[in-house]
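# Summary of structural features
Residues per chain, in single letters:
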Amino acid sequence: MIEVRDLAKRYGSTVAVDGISFTVRPGAVTGFLGRNGAGKSTTMRMILGLIRPTRGTALVCGRPYRELADPLRRVGALLEARSAHPDRTAYHHLLWLARSNRIPTARVHEVPGMAGREPAAGRRAGGFSLGMAQRLGLAAALLGDPEVLVLDEPMNGLDPDGIRWLRGLLRDYAAQGRTVFVSSHLMGEVAQTADRVIVIDGGRLVADTTVAELTAGGSLEDAFFRLTEGRRE
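Thresholds, definitions, all that
Residues numbered from 1 in each chain as written. Predicted model: local features only at pLDDT ≥ 70, side-chain atom pairs only at ≥ 80, totals over all residues. Heavy atoms only, no water. Pairing = 2+ DSSP bridges. Helix = DSSP H or I, 4+ residues; strand = E, 2+ residues; numbered from the N terminus. Axes fitted to C-alpha atoms, helices over the stretch in contact; angles between N-to-C directions. Contact = heavy atoms within 4.5 Å. Phe/Tyr/Trp six-rings, centres within 6.5 Å; stacked < 30°, edge-to-face > 60°. Lys NZ or Arg CZ within 6 Å of the ring centre and 35° of its normal. Core = buried A, V, L, I, M, F, W, Y, C linked by side-chain atoms within 4.5 Å. Buried < 20%, exposed > 50% of the residue type's maximum accessible area, 1.4 Å probe, protein only.

Next up on the list: the sheet that holds strand β1 (residues 2–11). What links the strands of a sheet is backbone hydrogen bonding, and the strands pair in either a parallel or an antiparallel sense. Here three strands make up an open sheet; going across it, the order is β2-β1-β4 and the pairing antiparallel. Here the strands that pair on one side only, and so sit at the sheet edges, are β2 (14–24) and β4 (55–60). Direction aside, neighbouring strands of the sheet carry axes that sit 20 degrees apart on average. On top of the sheet, helix α1 (residues 40–47) reaches β1, β2 and β4; it is set at about 120 degrees to β1, its chief contact.

The structure is reproduced here in structure tokens:
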């Protein structure tokens, strides 16, 4: 479970996140929506201990992320598609991550096939297309067989087959009682994949509800624009 309480981040006079609170529970896919600059990526980075909040707390599995032992075994994260060293092969990138978190080497051979990129395991990451880099990032997120997934725009660059595969993966993960938190600008995909949705705008929480409740009067896209009407990025 992910618990965010009064989380805020300020950069000088700029407020990136303004005291938001929500819970991402196991057993459901939770979509995270907002315009560019709404504070989604900043929130995810605070959850993962990459940015120190100005105030508030973010807990994963009941503890701050930085206090987790072998964090890849608890939380799988994808924030940047091109995070692998360009001179490393996909295999060696995953092997390095596995060894740093005491994950069996056998798992390194399993996850590329799960992410549909096994033929590219021996290629250097610097030559990957965006879609291939995204699949490598997803393989890395799955490496520790974690109970929590935190994915920032994971469908970017994926072809239709990749999007369909990812949709099924997220649903299967949630069905196993795991926690799935995923941001996306693709409203149609969120509507098809997510059970719940959290919407922020201008760094503030504007909705935390089920997709069914939010779309009762129309599409998710229509509901999103109603919630953020008159607001600026």
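In this section: the packing of aromatic side chains. Inspection of the entire model under this criterion finds four aromatic pairs. On the numbers, 4.8 Å between centres and 35 degrees between planes, the contact of Phe 32 with Phe 181 is tilted. Placement of Phe 32 in strand β3 (residues 28–33) and of Phe 181 in strand β7 (residues 179–183) is noted, with a sequence separation of 149 residues between them. Put simply, the rings of Phe 22, Phe 32 and Phe 181 touch in pairs and so form one group of aromatic residues. Over the ring of Tyr 11 we find Lys 9, and its NZ or CZ is 5.2 Å from the ring centre. One cation-aromatic arrangement involves Arg 178 over Tyr 173; the distance from NZ or CZ to the ring centre is 4.4 Å.

The subject of this paragraph is the sheet that holds strand β5 (residues 75–78). Strand order across the open sheet formed by six strands is β5-β6-β7-β3-β8-β9, with mixed pairing between neighbours. A strand with exactly one partner marks an edge of an open sheet, and here the two such strands are β5 and β9 (204–210). Here the average twist between neighbouring strands, direction ignored, is 15 degrees. As judged from the six bridges shared by strand β8 (residues 196–201) and β9, these two strands associate in the antiparallel manner. Bridge assignment links Val 197 to a residue of β9, and that residue is Thr 209. Of the strands in this sheet, β5 and β6 (148–152) touch helix α4 (residues 130–142), which is tilted by about 165 degrees from β5.

Side chains of nonpolar character tend, in soluble globular proteins, to be buried together. Leu 33, Leu 151 and Leu 170 are the most contacted members of the largest nonpolar core, which totals 47 residues. With seven residues, the top contributor of residues to this core is α4. Sequence-distant contacts of Leu 170, defined by excluding residues within four places in its chain, comprise Val 29, Leu 149, Leu 151, Val 180, Val 182 and Thr 193. Membership of the second largest hydrophobic core comes to 27 residues, among which are Ile 2, Ile 20, Val 75 and Leu 79.

Despite not being glycine, Asp 70 has its phi angle at roughly 45 degrees, a positive value. Turning to its location among the elements, Asp 70 is positioned in the loop between β4 and β5. With relative accessibility at 18%, the residue Asp 70 sits in the buried group. Notably, Asp 145 is not glycine yet its phi reads approximately 50 degrees, a positive angle. Note that Asp 145 resides in the loop between α4 and β6. Overall, the relative accessible area of 40% leaves Asp 145 in the partly exposed class.

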